[in-house]
Every structure is written in C-alpha cells, then in structure tokens.
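Secondary and tertiary structure notes
Residues per chain, in single letters:
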2 protein chains.
Amino acid sequence: MLNGRQVELLKLIVEDYIKTAKPVSSKAICDTLNCSSATIRNEMAALEEYGLLEKTHISSGRIPSEKGYRYYVDNIMQPKELTGEDMLKLQTIFQNSSLVLDDYITKSVEIVSEMTNLTAVILGKSSKENFVSKVEVVPINEHNLIAIVVTDKGHVEHRNLTIEEDVSANDIKQTVDLINKMIVGTQLDEVGSVLEYKIKPIIANYVKQHEALYNAFYNAFNDFTKESVVMAGRKNILMQPEFSTPEKIRDIVSKFEDKQVINRITEEDDGVNIYIGSETEFDDDVTIIKTKYNLNGEEGTIALIGPKRMEYDKAVTLLNYITSNIDKED
Amino acid sequence: MLNGRQVELLKLIVEDYIKTAKPVSSKAICDTLNCSSATIRNEMAALEEYGLLEKTHISSGRIPSEKGYRYYVDNIMQPKELTGEDMLKLQTIFQNSSLVLDDYITKSVEIVSEMTNLTAVILGKSSKENFVSKVEVVPINEHNLIAIVVTDKGHVEHRNLTIEEDVSANDIKQTVDLINKMIVGTQLDEVGSVLEYKIKPIIANYVKQHEALYNAFYNAFNDFTKESVVMAGRKNILMQPEFSTPEKIRDIVSKFEDKQVINRITEEDDGVNIYIGSETEFDDDVTIIKTKYNLNGEEGTIALIGPKRMEYDKAVTLLNYITSNIDKED
DNA sequence: TTTAGCACTCTTCTTTTTTGAATGCTAAAA
DNA sequence: TTTTAGCATTCAAAAAAGAAGAGTGCTAAA
C-alpha cells in the first residue's frame, strides 16, 4: 500500500512531531529525503489521503493522525536499545533483594517515570497464585486480636479481629490450630469459602465459643483482594504542550484520581498493549502503554501514560525489559 | 483599632469573596449595612489603609489581603456547626471498628476532601508509642523468611529476611525465641539498638550460626520508621478559579508530587494551625489548615489544602471534630 | 516524475476600540 | 461630624481590525 518513500516520510514526520510538537512542513523534510518540498507535498497529500496524516488547518504542516501513529507503532517503529545509564538505574532496583514488595514497587514506578518523562502507574493485585502458608494470631487486649496470614510467596496480610464476647485463650488457640490445619495450602482468594464450607461445619466440635470466633475470622478473612495503585510522575504528562489549557489539565488530573478509570487500565489482553488517543479513556491526546507482570505470585500491570506524541520505541523497550527482568525472578 | 462597622464590613467582604471569588464592590454591601455606597467606600479605604483589604486594580472592588484573612481567622470567624449529614458521614467511618488502619485513613481522607471540596492529606507515622508485643517468623523457602512484628497497639510490620548460609530450623527457632524474650516491650524505634546492644553480645551462647541470623534480623529490623502519605481530592483545589492558568495548576500538581514539600507539612507546632498564602510553601493563593492526631499510638497529621479563599470556619470545625473523635478512642 | 513559482489561506501577534463596573473626590445634606 | 449624591476618571475585558509569516495546493515547465 505505501511505497518505501512514503513509509520513510511517515516515519520522519512522526518522529519529528514527537520531538517538536509542531506540525511538520514539507520544507523541513526535503533535505533528509533529497528532493524538493513540492515532491514531499505530493507524498504528504497521498498519506493524508490514506488517513495517516492530518492538517491542523488548511495551510498548516502535517501531523500524524491516530491511524498514522498506529501504522508507525505496528509497522515502522524499531525497538530502541536502553542506554547503559538507564540499564544501570534499573539494575539497582532489581538487584536489591532486601526491599519489601511495596518499596520495590514505589521505587520502580518512580524510576520508570523519571526515565521516560511519562506518568507511570503500577496496579498490583494479591494474586490467586498465593497459597496460605501460616496463620498466626496475636492478642492485643481482651476483645482485639491481630490475625496474620502469610502465603508461600511471602505475601503478608493482617486484619484486626474484634470479638464481642469473652472468649478463653484456649478457645482462640483451638480455633487458630483448626484453621491452620484446614487452611494451609488454600489459595488466598478461596480462604473465605474454605472457612464457610469446611471449617464452619466442624468448628463446634473443637471450640466452645465457636460462633463468636468463627464470625470474627470470617469477617476478617472474607476478602483478601487488596488492590494497590502506585503512581509517579503525574506532572510529566501535564508539562506537555498538548496539555496547556486548564480544562485539559484538570480533566487529566481528575482522571488520575478516578479509581475506576485507573483500575480499568488493567483490563484486556496480555503482552505489551498500546492504546492511542481515543482508544484510551483519558483524552484524545493521550497514549497508554501497558503490560502485565508477575512478581513472586503478585500479579500486576505496569502502565505508562503520556501524550500521543510519546517516544513509543523507548517506552515499549523499557516495559519489555522490566517485565522480562521481573518475571524471571523466582 | 477597628470599629464595629469596619469589623462587620471586613467579615462581609471576606465571606462574599470566599463565595464568589470576585472583588467585592461598595454597592454590593450597602444594602446589608444600611448605608450608601459612598459610606462603604470610605470605610473600605480605611480598611485598605490598615492593610486588611486590597484592590486588584485602581478602580476595582476590594479583596481581602493576607493580613485581612489573618484578621478574619483570628478575630472574626465563628466556629460553624457541622451539618447532620456531614456528621453522619463521619460517624460511618469512626464507628466501623473492623477497618484496618490503612483503610480507615484512606476512607477518612476521601470523605473529608469530598465534604470540604478541598484537597486532604493524611501523613502518618509509625509512632514511638508502639511497643513490641510479639515477633513471629514464617519460613518461605531455604533462604527466605518472613519476620513479623506486632505491637501492643495492633500495628503490624513485616520484612523479608534473606539468609545466605544454610541455617538449621532449630537455630532459627532459638534466635526468634531469644529475640522475643529480649525485645518484647521495646519501643518500635528502639528495636535496632536493642538488637545491637543486648542481643548481639549474647546470641552466640544460644545459636550456632548466629552471625548470619543476627545480620539478617538486624538488616530487617533496623528501621521501622515508615511514613505514609495519603491524599484525596487533588482536583478540588485545581478547580478553583485562582488556579486557572496552566502554570499555576502545573506548579501545584508538582508540589503535590514533591515528597519533601508534602512531608514538611507535618513540621511545627500542635493544635490546629492555619497557614495563609505566603506562609505556605505552595502558592500565595493557597491556605493550609492542619492538625496532629494520635490514633491508637499512630501519630499523624491531617491537613486540608485549598485556596486562600476557603471556608475557614467549616474547615477548622471539621478538623477539630475529627481529632477530638479520633483521639478519644482507646 | 519532479520541481519552481505564485496565489491563497489561516494562525499568531499586536494594536485599537468599545463598554461597563468601580473608584475617589468634592460639595451639599443630615 | 458623618453621610450621601454626583461626576470625572481609571482600568479590565471583550471585540474588532490589522500586519506578518509560514505553509499549502496547483499549474506549467523541466
């Protein structure tokens, strides 16, 4: 469909526009392509015909259309090598094994946003791949306990238990022992149903004040789906010239605060996904690049949010690098 | 210094400006004060003389100066009753005892920002008032353990331990028993020094491979000062007309992302504090109202960030209400 | 197929004009 | 002494007009 020169031209226009944010004129190209501006104009008209380029007004230079970006991303763009410096920065996180997961994620998201000048988001989920390894209980005072669940992957969850009745220390111990016996090896998201269908029917055999205790544990362990959202570099996208009106900036900031919008980023397929302009829920000038990762059984999504005019090659390479580094850890 | 009518006038101007964000004209006031606009103009000139009012240009209406707001806040403003609806909303959080601290804080900050239309921040700190109640260890695999510390107030911290050498399960048990024996009752921020000065000298007597184990625990327990920042309603302040230029919005968003700036909010004295305009680190059009709280031994600061033109009475009343409700829990 | 040349379009920046809301001041009224 | 009516004056904000310049499309020649 496109001849070689047209492909080259589209590439030049996309990359020039990404750099400058200004419509690209035929004159600006002709040196690089060794022909006159009139020739370029002819080819530009052809690319516009195909819907790959647009004008901002009738006598303006060309900018890539959404379809143009898509063509660039799917057919033209080459993966870009990470610089040694970037690689080094990433290694300092990946190789720091003493970090707790939360800190690990916070650090990563900060470095990624700084490296790309984009807004970075990591959406984490307590994964189904976590199996209960141990349940511990620590009494705080007469009516309050802390219940702690540790999984085989080292994930820790804790909950406050409030028990209205007076219960004996022995009853508590019996309950915890029973729960441990029955629940170790259960997937985190099945804990609730194991409690209900396996433990509830038999707990009366072992524990006197079973009702109060069962209820307390059930309430606490009912739902372990804790989702975490960590963002960094919100300002980066707002500094871009396409977001220079108060309305647009406010709109983006509002979207960043809307948990529903942010959580919907995780939806859909695997691999590295690119959503351009109207394909995002944010704004026609926004592109989102995202990918899923699995870190020690914690599933998550890492997303980069920036202007449609972002450095796609760098962003994609970076995400690929990160996920391949994260996933290979065991 | 000010006569009664001047006080009344200042009050009217501040409150009108808070509502409308438009300079207040003499004409707008004269109905309320039962005199002609010319009389008001005379009084306005006097208040301007005192530095309590300003003009945006030579023939504009008046707006309160920073000093004017300060006078209003310190001398004129009356505490405002919370509406029943607001009170109810707050009760739904305060009375939900099953919430884990994190969720409690997230919920609170959201509701407060929604109620006030301001940006709300809660800065929490693992307090010195937490004393170790129990240390537990759960092995994950040969070289990794999860160490969990529970405090008397129900605060839970966990850390990954990586132990390079092979150590026996018995050694681990001995170490944990020793640590528990020595460390229970220690303040969270003293755990490091107890390890170093009390446990390190004697651990060799109880544990064979004491070095690897001691190091692992020391690294993990060295530092428990975990600070959390939760914000909600960033967009609220940005929607205000004083933040309608891209530069101002971007500046505020950047400040919101600057951990140093945010953490400095916690500095300085107790009680409810009000920082107006240039007294803040944000912007001359910003006011910050903050107060410290102590919730089950977790110390923190709750701050409301909004335009200088905020509803001071409502904000102050709300913060007072919250802290008195939080602090009285035991 | 490519290119030089030219008329034409439209944005952006600057300048001018118009309108109207407020003020300060003066002098008269209370 | 305090209040008020009246009026000239100031300035912001919006609308209108003008000037400059960057780019295009199209035609006709190379």
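See the structure above.
Residues numbered from 1 in each chain as written. Chains lettered and ligands numbered in written order. Predicted model: local features only at pLDDT ≥ 70, side-chain atom pairs only at ≥ 80, totals over all residues. Heavy atoms only, no water.

**Regarding the interface of chain B and chain A**
Counting residues at the interface gives 41 residues for chain B and 41 residues for chain A. Taken together, chain B and chain A are joined by two salt bridges. Between A:Glu110 and B:Lys259 there is a salt bridge, and its shortest N-O distance comes to 2.4 Å. Between chain B and chain A we count 14 residue pairs in polar contact (both at pLDDT 80 or more) in total. Secondary-structure elements contributing two or more residues to the side of chain B that touches chain A are α6 (101-116), β4 (132-141), β5 (144-151), β6 (156-162), α10 (234-238) and α11 (246-257) of chain B. Here the residues of the side of chain B that touches chain A sort into 16 nonpolar, twelve polar and 13 charged. (Contact = heavy atoms within 4.5 Å. Salt bridge = Lys/Arg side-chain N within 4 Å of Asp/Glu carboxyl O. Polar contact = N/O pair within 3.5 Å; in protein donor to acceptor, adjacent residues only side chain to side chain. Helix = DSSP H or I, 4+ residues; strand = E, 2+ residues; numbered from the N terminus. Nonpolar A, V, L, I, M, F, W, Y, C, P; charged D, E, K, R; others polar.)

**A closer look at the sheet that holds strand β6 (residues 156-162) of chain A**
Residues and elements named next belong to chain A. Taking strand neighbours across the sheet as the criterion, the three strands line up as β4-β5-β6 in an open arrangement whose pairing is antiparallel. The open sheet is flanked by β4 (132-141) and β6, the only strands paired with a single partner. Sheet twist, expressed as the average angle between the axes of neighbouring strands with direction ignored, equals 20 degrees. Pairing analysis gives eight bridges linking β4 to strand β5 (residues 144-151), with the strands arranged antiparallel. In the strand pairing of β5, Glu136 is matched with Ile148. Across the sheet, helix α9 (residues 210-221) touches β4, β5 and β6, and the angle it forms with β6 is around 140 degrees. (Pairing = 2+ DSSP bridges. Axes fitted to C-alpha atoms, helices over the stretch in contact; angles between N-to-C directions.)

**So, the sheet that holds strand β9 (residues 286-295) of chain A**
Residue and element names in this part refer to chain A. Taken in spatial order, the five strands of this open sheet run β7-β3-β10-β9-β8, and their pairing is antiparallel. What marks the edges here is a single partner per strand, and that holds for β7 (227-232) and β8 (273-276). The average undirected angle you get between the axes of adjacent strands in this sheet is 15 degrees. Bridging between strand β3 (residues 119-125) and β7 involves six bridges; their strand directions are antiparallel. Its bridge partner being in β7, Lys125 is matched across the sheet by Glu227.

The values reported here are purely geometric and, on their own, carry no functional implication.
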